Amino acid sequence: MGYAHEYAHAVMHRGRIPMEPADFVPDWADGPRRGKFYPGAETYPLPDCDGLPGAPVGRGLLPATGSEADGQPGDRPAGFTLPLLSGMLKDSYGLTGRRLGVQANSDLSGLPFYTHANWSRGTAGGGGLYPVSIYWACGPSGPLTPGIHYYDVHRHAVQRLLAGDVSDRVREALGPDAPAEALDTDQYLVLGVKYWQNAFKYNSFSYHVVSTDLGTVLQTWRIWAGARGLRTAPVLWFDEPRLNGLLGVAGEEEGVFAVVPLHWDPAGRRTSPAGRDAPSPAAPAPAPGSGRAHRPAVRHRDVERSRTVLEFPTVRAMHAATVERAADRPAPGALAAAAARPAPAGGTRAALPPPAFPEMPVRRALRGRRSSFGRFDAARPVTPAQLSAVLAACAATSLGGDADPAGTVWLTTLYAFVNHVEGIEPGAYAHDPDTGDLRLVEAGPQGAFLQENYFLANYNLEQAGVVLVPAVRTSAVLDAVGDRGYRLAVGTAGAVAQTFYVAAAALGLGAGVALGFDNISFVEKLGLGDGDEAPLLIMPLGHERPGPADFHHEIA
């Protein structure tokens, strides 16, 4: 068993045995930026994307079937274009507004002050910290001069960090056994995680949190692209040190967690005035005998805001464990051993109607996504149809990618703690994804249990209509694919969380996701002690109190 097993055990038990350093207190005044700062790098604004045609969010949340899967003529773009990529980046990680509503989270007192402003994004972020860095490795088929560009979320622009086609370097890092779609392109989004952007607050627990953040970003792209008939599938196994070197980042400080190949629309290629494909600046050839050390790499360096940057041995150990065999891609079918177990037959069942979502554009759902801190109101119960849609969308969530190219292995089991759902008695239930039913695990009110085992005071969980709990067989994933599978297991839970938020927004429901709870108490409550399922999140869902106190920054 590798180090990731030890880390997973510590995370599961941290509600009873605090992770070291137990006495850590964040220095909020010396915290890092929520993004990277590359002074001197050329900046190029991305095109306005507000005029993009709407795409129904339900198409991205639920698997397409029958004629819907085939689409209509002209309904599906041939591939990404610059406006489409701009729209996906803006709607996922770009800044779309201010969070100024009166609510019950602990950061409320700082929200009105611009220096402490909490900017909203379409993607959820653990603690609102957003540590994922997005780089675009653009090859000759793209619309810009080939090179590596960093997505500057604050200006919705890209900063050119390196000029020259290095897409071959990315393909080399992915390896010859990468999925064909990853090797048949020269456009890649590379996702890095700068550990300090999260570790300054969560210390040793931060590796778990940033792995969750990885899943939220990937799932936003999957929903956004899927609504438009496009596909995004991450590659999680590759030569990470080689990509770190290409990006000019120190592996102990920032790791590359995923590479997302993009299929580019041929009509959107950069062309010369004569209409021919414009020549691509060639990457400088290494001097004879110089070897890999002189291959092109990003020379711009991120300038840190924090005066003091701390290192946490646990985070360094997890980084080392997940990088050690990063290029050893799992054998086909290896992940199947860690799939969620089929739901048992029989038992007391509560039937739910078929899932459906309103015709809401995916952009509106993403921009409406927020956490309902202290706003749940039990006076308006959740309907079975609403619960069915959210459960079905979450159950269909999978990161896919090179560990499961066919997208047929589901890692998550969903549990539902019903408080106030029309026609369903209070109790703890397991969701059966094959039938859509809820199978009773324990009857009776669950509110007291939920609140007693939640660490913070920003939610009244009993007031939520239902609290969903995704569980992943984390240890089985690690046994099947190695320590690097920790990113996949926890990233899958993050993807479920993002699906949950977007589905709730599409249905006009309040939602929240929390990591601060006693995981072992949920293992005991659900009777999972004899298995290896790990409850990783709690996700309350319900109506919010009418007439919330909100400040609309757009008209201020």
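On a predicted model such as this, the values are computed, not experimentally measured, just so you know.

## A short note on the sheet that holds strand β1 (residues 42-45)
If you walk across this open sheet you meet the six strands as β1-β6-β5-β4-β7-β8, and the pairing is antiparallel. Edge strands, defined here as strands with exactly one partner in the open sheet, are β1 and β8 (254-261). Strand-to-strand twist in this sheet, taken as the mean axis angle between neighbours without regard to direction, amounts to 30°. Bridge count between strand β5 (residues 147-152) and strand β6 (residues 157-163): six bridges; the pairing is antiparallel.

## Examining unusual backbone geometry
P21 follows E20 through a cis peptide bond whose omega is 0°. Counting through the fold element by element, P21 comes out in the loop between α1 (3-12) and β1. At H156, a position not held by glycine, the phi torsion is positive, near 45°. With respect to the secondary-structure elements, H156 resides in the loop between β5 and β6. Backbone geometry at N203 places phi at a positive 40°, although glycine is not the residue there. In this structure, N203 sits in the loop between α7 (196-202) and α8 (206-227).

## Points about the pattern of salt bridges
Under the counting rule described, the total for this entry stands at 28 salt bridges. For K36, the salt bridge is made with E254, and the minimal N-O distance between the two is 2.6 Å. Residue K36 is located in the loop between α1 and β1, and its partner E254 is located in strand β8; the two are separated by 218 residues in the primary sequence. Assigned by exposure class, K36 and E254 land together as buried. A salt bridge links D532 to R473; the nearest nitrogen and oxygen atoms lie 2.9 Å apart. Here D532 is found in the loop between α16 (519-525) and β15 (534-535), whereas its partner R473 is found in the loop between β13 (466-472) and α14 (474-481), with 59 residues between them in sequence. The network of salt bridges with common partners includes D50, D91, R363 and R367.

## Side note on the side chain of H319
Relative to the assigned elements, H319 resides in helix α10 (residues 313-323). When its relative accessible area of 8% is taken as the criterion, H319 is described as buried. Polar contacts involving the side chain of H319 include one to the side chain of Y195, which spans 2.7 Å. Contact partners of H319, with chain neighbours within four places excluded, come to Y195, Y207, E240, G251, E252, E254, G255 and R487.

## Examining the confidence of the model for the chain
Low pLDDT means the predicted atomic positions in that stretch should not be read closely. Taken as a whole, the chain shows an average pLDDT of 90; of its residues, 88% reach a score of 70 or greater. Within the model, the stretch residues 66-71 combines pLDDT values under 50 with five contacts to residues more than four positions away or in other chains. In the model, residues 271-292 has pLDDT below 50 throughout and makes 23 contacts with residues more than four positions away in sequence or in other chains.

Rules of the game
Residues numbered from 1 in each chain as written. Predicted model: local features only at pLDDT ≥ 70, side-chain atom pairs only at ≥ 80, totals over all residues. Heavy atoms only, no water. Pairing = 2+ DSSP bridges. Helix = DSSP H or I, 4+ residues; strand = E, 2+ residues; numbered from the N terminus. Axes fitted to C-alpha atoms, helices over the stretch in contact; angles between N-to-C directions. Salt bridge = Lys/Arg side-chain N within 4 Å of Asp/Glu carboxyl O. Buried < 20%, exposed > 50% of the residue type's maximum accessible area, 1.4 Å probe, protein only. Polar contact = N/O pair within 3.5 Å; in protein donor to acceptor, adjacent residues only side chain to side chain. Contact = heavy atoms within 4.5 Å. pLDDT = per-residue confidence, 0-100.

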